[in-house]
Structure formats: structure tokens, C-alpha cells
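Examination of the molecular architecture
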Amino acid sequence: MSFLSATDGITVLIGYLIKRLLQMALVLFAVSVIVFLMMSFTGDPVFMVIPIDSTAAEIEQARRLLGLDRSLLSQYWIFVTNLLQGDFGRSYVFRQPAMDLILERLPATIEMVLVAITLATVIAVPLGVFAGANPNRPISRGIMAGSLLGISLPGFWVGMMLIFFFSVRYQFLPSSGRGETVQFLGLRLSILTGDGWSHIILPAVTLALATLAIILRITRAGMMEVMRQDYIRFARAKGASRWHILFGHGLKNALIPVVTIFGLQLGDLIAFATITETIFAWPGTGKLLIDSIYRGDRPVIVVYLMLTAFIFVAINFIVDIVYTMIDPRIAVK
Amino acid sequence: MSETLLDIRGLKTHFHTFSGLVKAVDGVSFDVRKGEVVGLVGESGGGKSVIGFSILRLIEPPGRIEAGEILFDGEDLTKKSEVEIRAVRGGEIAMVFQDPMTSLNPVYTIGRQMDEMLQLHTELAEPARRARCIRMLEDVGISEAESRLNAYPHQFSGGMRQRVVIAIALLAGSRLIIADEPTTALDVTVQSQILKLMRRQISERGAAMILVTHDLAVVSEMADRIVVLYCGRVVERGRTEDVIAHPAHPYTRGLLDSIPRITDRQHRLRQIPGTVPDIRELGSGCSFRERCFRAQPLCAEKTPELAPVRQTLDAACHFPLEETKA
């Protein structure tokens, strides 16, 4: 590879960004088709919005009003053109824009997920590095056995056990809700109050457990591979300290798969924290999704799924950028 | 005769593997004097590299230094604590590895990897360290050194990378360089450049070098003295001229004979019959006896000790070869 000049670099970067944006658009288009079709096959939403004793004429009218009398293709066309204009439809139940409903609850989910994934990463990476660098130590074997437990235990069970011990038996932490919130930059947040923290800790731990175990195992596998490399030996021959060799030379080389999994887990937690949110009555988007599915509130479900797809695509994009920052051999193309 | 820098006495490094005890280095003794190049020669699996790693205490489990002394400037390296030995690594004794493609960390710039060495072993401030790195790169023949500091290893060719590795090894002013097959992974044309470079740079700095290689041709050009290893033991050691011209041990003779010569009229390459025995199953007696054309019953009964055969040459053989008149 030649040494790129600064302007060449910027041209490459812009080209890359355009390419990625087009890819994102394509993915979102595909998701919109799938979501739309799926929704069309899951029952007639008209019965969700009309009174139970409506006449056939009233049903017909409601159907026309909702645009459900048109062909599938024209319904899709209306759906997409509205999407592009920023109109994501209104909830049948709340008669509010579906997007507003979700955005209102998104901060709750995101703050819980961020606490969970930070917790998981801060614990998992050092343990993974240790276990990978000393695979034969009894402590490492203990860590690995523990991680297996973390993967195997179902979240709902862990959540209930935590509630049982910390909320019921020792009455140490609250079992439900967000606690006290404060307004910050227009968002309602729990993590800025002590009471909020006491509420967030149990759901975050529940959510963190599986992610912690996965990140730990990936980190360990990467480190085991890296520690065999010559440059690790060369670093030792230079007189570098053990700490510096592990975290300076070793970890950065083991990080690519860790970042990949981190991104996937982050998206997964944001989109599907449903069970944990239900157990802890955490008023986030996951709970909204479940409620909307029960109520057949189609616009909310659709927007939720579109948003989820967008979050995944966006996270993957960021992850790809992070790759190039970690490993200079990976270039943006 | 100049002062002794490194004195290895009775070094034993064994590996306790699942399939048995491997005595990779089994009672090796030799010394290195200041400013001298000593060649460690032998076939693969002869324990050459393990000696290098033992000196810097880079042997990892299941390997262990079982016995012996490694005196560097009179201090026994085997008795030093981990923190003390870290100051020696890279500081007093530096190492160059076989494969330049893998000995540099792919995710850091050349400059950063050079700077690490100076941060670890000098008190220099950043500008001074940077200046020293640039000069060092120029010394090992890398042009546009300043901009290369920001380059990553994958942007360099194999020969260039090995130059960088050598630059890093020389950077902190080590008095002993252990070069483990430094040119084996390189093109033949690059090999001789790198060897010349190492020799010049090392002698300019008054440092000594242990050159680990299987290539007798390389050693004969570079080394002042040669130590020949077979199955973890020294079978012959002496001044390069003597060992090359008049080897006393049949194994050395065999190694020398297997170098192809352009003047040779023979069509087949000569080789040593047989293969290196399984190092886990060595009993008593000379471990070379089964491949040796001079083997006698005595060779199976008694392990030959290293003893002076001539004034400047020791060999571990019951029936050493006579000095041949050229």
C-alpha cells in the first residue's frame, strides 16, 4: 500500500460513506417490505379500533378510513411515502404518532442497556484477558465455568432470583419501575439520581449477565491466539511489563471479534430487552412492544421494527469504523 | 584475550511435556567475550533457540531452566527476580527473532514500537527519543526515516521489517544481541545485506552477538567462534577457522560436507545418514552414534565429555577426527 495523501484519504472516506449510506438504505428498504408484509398477514387491525357492536357498514367505513380497503401495493406505497416524509403513522390505541410513543420510552431502555453493557464490558474484558493469558490456571478455569453459567441461565430466571434476594428477602433494592427521574437535555433519565440508580441496578445486572459471558469468552479466545504470536515474545524480549504486554500489545490485537460481538449485543439489548423490562416493569420500549403486540397496535410495531433495523445498521456501521481504528491493515474501501 | 561478557555453565532447560521429558538443553557451557560474535549451530530441534530464550528467561511452562548458571558480567541471570530480568531484556541483552513478518506488532506504528524500547530502558525525553529512532533507522539503511516512523509494519517488505527489528534491538545500547536465525526467512540477496549490516552495526557499537543458525555458511562468515549443538549438548566448540577447516567431531564434519559446493563434481548432495533421534528417548552414550561413521562399542556405553582436542578446539567425542593437512 502506498502512503495516501490527506486529500486522497478524504476522497476515499467520502466515497466509503456514500457507499455505506446506500447499503443502509437498501437494508432498511428490505426490512420495510418484510415488516409490511408480515403485518398484513397477522389479522385484521380494523377490529382493534372499532367498538365491539359495530355494524358492517361501520366496519367498512373504518376500513376505508384506515386505508385498508386498498390493494396491498398501494397500501405499501402510502406507508413508504409517509415514512419518507417522517410520518410513521399513529397508534390505534393512543391516537398519538407511533414514533413519539417510542421515542418517549427509548431513553429508559437505552440508559438501562448502556449501564448493562458497560458493566458487562468492564468486567468481561479484564477477566477474558487474564483467562486467555493464563489458560491453565485454576482461576481461569473457574472464570470459564462461571461464564458458561452466565450463558446458560435464562434472563427471566436470573431477574426473578435477583428480585427474590435483593427486593423481597433483604429489601435492599426496589423491584420495579424507574424511580426518580430528572430532565436532562429534554430526556427523562434515571441515572442522574440515586434513587434512579437503585432502580436500574437489578435490571441492568440481569441484562448484563449473558453479554458479560459472551464478551468474556470471545476476549479469552482472542487472547489465547494472540499470546502465541512472535510479537508478544518480542515485546517480552524488549523488557515490557506483563501488564503492558497483555493490555498494550495483546488486547488490541484480540479486539476485532470483541468489538463485533459488542456491537451485535448492544443492538440486541436495545431491541429485545423486552423480557427484562417486563419482569422489572421498566417503562422502556420493550414493554411497549409487548403491549402493542397484545393490542394489535400495528403502527407501533412497524415503527418499532423499523427503528430496530436502523439501530442495528447504524451500530454495524460504527463497528466497521472502529475496526479501522483498531487495525491499520483494515482500510475503508 | 578480551574480557568475558557472558558465561553459561552447565545450562539445562527441560520441557515437561505431556509425552515425556524433553531435555532441549542438557548441560550446555560456553562463553561470549566482549565484542565477539559466537555462532550457535545445529540442526532443527538441537536446542539452539532454547538457549537464547533461556538467557533472557523467556522460557514458558512447560519449559523450565533446571540447572546451570548464566553469568552476565558476573551476575547470574537465573537468580534474578522478574523485575530485575526485565531491565536486562532489551536493555543489556536484546534479541532479534527469526521471522520479521511476525515479530512486529501489526497494530502499532514502527515509531511507537521503537519508542517503547527507549521508554523502557532510557531516561530520554520525547524529542531525544524521536531523534534517536530516526538516526537508528538511517543506520540500518532505511531512507526517509522520519516519515517511516508513522508507517505500520504491513507497509514494509520483509527485509525492511528485519532492519526495523534490528534497529529496535540495537536502540537501547545493549551489550549483547541474541540473533535467532535472523535471516532465515529472508530472500538470499537480502540475507547477505542484513548480515553485513548487523555485523557492522554491532561492531561499531562494541556489542557482542550470539548468532543462532543452522546455516554454517552464514556462521563461517560472521562468527569469531562456533558452538556446535546436537540433541541439546555441545558437541564441538572452537575458533571459527579451526572448526570450519578441521572439525574434530564427526557431526560437524557431516554438517560441513552437506554444504553444496559449486566446484564439486558429484551429482548427489552429501548428507548425514539417518535423522535426529527422539530427544525424549536418549539413553546413555553418544547421541550421534547411530549416524556416525566412526562409532565404536564404547560410544554406546559412555557419554563423551567435552574436552580439549586441540589448543583452540573442544569436542565431545571418543574418537575425534585428526587435524587434516590441507
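It should be emphasised that the depicted structure is a prediction, and the values quoted were computed from it without experimental measurement. (Residues numbered from 1 in each chain as written. Chains lettered and ligands numbered in written order. Predicted model: local features only at pLDDT ≥ 70, side-chain atom pairs only at ≥ 80, totals over all residues. Heavy atoms only, no water.)

1. With respect to the overall build of chain A
A count of helices and strands for chain A gives 13 helices and two strands. For chain A, the spread of C-alpha atoms along the principal axes amounts to about 85 × 60 × 35 Å. Within chain A, contacts between residues at least 6 apart in sequence are counted, and of these 72% link residues at least 24 apart. Between the averaged position of the 26 positive side-chain charges in chain A and that of its 20 negative side-chain charges there is a distance of 14 Å. (Helix = DSSP H or I, 4+ residues; strand = E, 2+ residues; numbered from the N terminus. Contact = heavy atoms within 4.5 Å. Lys, Arg positive; Asp, Glu negative; His and termini not counted. Charge placed at Lys NZ, Arg CZ, Asp CG, Glu CD.)

2. Re the sheet that holds strand β12 (residues 313–315) of chain B
Residue and element names in this part refer to chain B. The strand order across the open sheet built from eight strands is β6-β7-β8-β3-β9-β10-β12-β11, with neighbouring strands paired in mixed fashion. Pairing within the sheet leaves two strands with one partner each, and these edge strands are β6 (93–96) and β11 (307–310). Strand-to-strand twist across the sheet, computed as the mean angle between neighbouring axes with direction ignored, equals 20 degrees. Of the strand pairs in this sheet, strand β3 (residues 37–41) and strand β9 (residues 225–230) are connected by four bridges, and their pairing is parallel. Bridge pairing in β9 links G39 to I226. On the sheet, helix α7 (residues 158–171) packs against β6 and β7 (176–180) and is oriented at approximately 175 degrees with respect to β6. (Pairing = 2+ DSSP bridges. Axes fitted to C-alpha atoms, helices over the stretch in contact; angles between N-to-C directions.)

3. Brief notes about empty space enclosed by the protein
Residues and elements named next belong to chain B. Taken as a whole, this structure holds four cavities of 30 Å³ or more when the rule is applied. In this structure, the largest cavity spans a volume of roughly 60 Å³. H249, P250, C286, F288, R289, C292, R294, A295, C299, C317 and F319 together form the lining of the largest cavity. (1 Å grid on protein atoms, 1.4 Å probe; cavity = no way out; pocket = protein on both sides within 12 Å on 5 of 7 lines; lining within 4 Å. Points joined across faces, edges and corners; volume = space filled by probe spheres on them.)

4. Overview of the packing of helix α9 (residues 230–238) of chain A against helix α10 (residues 242–271) of chain A
Geometrically, a packed helix pair is captured by the angle between its two axes and the distance between the axes. Residues and elements named next belong to chain A. As a packed pair, α9 and α10 sit with axes 11 Å apart at the nearest point and diverge in direction by 165 degrees. Viewed along their axes, α9 and α10 adopt a mutual orientation that is roughly antiparallel. Relative to α10, α9 is oriented so that their crossing is right-handed. Each of Y231, I232, A235 and R236 in α9 lies in contact with α10, whose residues at this interface are I245, H249, G250 and N253. Each residue belonging to the contact of α9 with α10 can be placed in one class, and the counts come to four nonpolar, three polar and one charged. (Parallel < 35°, antiparallel > 145°, perpendicular 65-115°, else oblique. Left-handed = near helix turned anticlockwise from the far one by under 90°. Nonpolar A, V, L, I, M, F, W, Y, C, P; charged D, E, K, R; others polar.)

5. Examining the domain arrangement of chain A
Residue and element names in this part refer to chain A. Under the domain assignment used here, chain A contains domain 1 (6–84) and domain 2 (98–326). Placing a centre on the C-alpha atoms of domain 1 and another on those of domain 2 gives a separation of 31 Å. Counting residues at the interface gives 18 residues for domain 1, matched by 15 residues for domain 2. At the surface where domain 1 touches domain 2, the tally comes to one salt bridge. The interface formed by domain 1 and domain 2 contains one residue pair in polar contact (both at pLDDT 80 or more). Only α1 (6–40) and α4 (72–84) provide two or more residues apiece to the side of domain 1 that touches domain 2. Considering each element in turn, the side of domain 1 that touches domain 2 owes the most residues, 12 residues, to α1. Classifying every residue of the side of domain 1 that touches domain 2 by side-chain character gives 14 nonpolar, three polar and one charged. (Domains from an automatic or database assignment. Salt bridge = Lys/Arg side-chain N within 4 Å of Asp/Glu carboxyl O. Polar contact = N/O pair within 3.5 Å; in protein donor to acceptor, adjacent residues only side chain to side chain.)

6. Structural notes on the confidence of the model for chain B
With 95% of its residues at a pLDDT of 70 or more, chain B shows a mean pLDDT of 86. When the elements of chain B are averaged for pLDDT, helix α12 (residues 297–301) of chain B gives the smallest value, 82, and helix α4 (residues 110–121) of chain B the largest, 93. (pLDDT = per-residue confidence, 0-100.)

7. Focus on the nonpolar core
Nonpolar side chains tend to gather and get buried jointly when the protein is soluble and globular. One finds F30, I55, M114 and I210 of chain B to be the most contacted residues of the largest nonpolar core, which totals 101 residues. Ranked by residues supplied to this core, first place goes to α7 of chain B with nine residues. The residues touching I210 of chain B, leaving out its near neighbours within four places in the chain, are L6, F30, V32, V38, L40, I55, L176, I177, I178 and A179 of chain B. Counting residues in each nonpolar core, the second largest holds 69 residues, with V80, I143, I215 and A309 of chain A among its members. (Core = buried A, V, L, I, M, F, W, Y, C linked by side-chain atoms within 4.5 Å. Buried < 20%, exposed > 50% of the residue type's maximum accessible area, 1.4 Å probe, protein only.)

8. Overview of α7 of chain B
Over its 14 residues, α7 of chain B runs 20 Å from end to end, which matches the ideal 20 Å to within 8%, given 1.5 Å per residue. The buried count for α7 of chain B comes to 14 of 14 residues, which makes it a mostly enclosed element. (Expected span 1.5 Å × (residues − 1).)

9. Overview of helix α3 (residues 56–66) of chain A
Residue and element names in this part refer to chain A. Residues of α3 that are buried include every one of I59, A62 and R63, and no others. One side of α3 holds all its buried residues, which, seen down the axis, span an arc of 100 degrees. Turned more than 90 degrees away from the buried face of α3, the exposed residues are A57, R64 and L65. (Arc of directions from axis to C-beta.)

10. Notes on the pairing of β9 of chain B
A regular strand places its side chains so that they alternate between the two faces of the sheet. All names here are of chain B. Taking burial as the measure, the six residues of β9 include six buried ones, the bulk of the element. Of the two faces of β9, the one holding R225, V227 and L229 and the one holding I226, V228 and Y230 are both buried throughout. With six bridges connecting them, β9 and strand β10 (residues 233–239) associate as antiparallel partners. Bridge pairing in β10 links R225 to R239. Hairpin connection from β9 to β10: two residues lie between these consecutive antiparallel strands, with C231 at a positive phi of about 50 degrees.

11. Brief notes about the layout of surface pockets
Empty space among the atoms becomes visible once a probe the size of a water molecule is rolled across them. Taken as a whole, the largest pocket holds about 1,200 Å³ of empty space. A133, M227 and R236 of chain A together with E60 and P61 of chain B are, among the 34 residues lining the largest pocket, the residues nearest its centre. For the lining of the largest pocket, the secondary-structure elements that each account for two or more residues are α5 (98–133), α9 and α10 of chain A together with α1 (48–55) and α2 (82–88) of chain B. Among the elements that take part in the lining of the largest pocket, α9 of chain A stands out by supplying four residues, more than any other.

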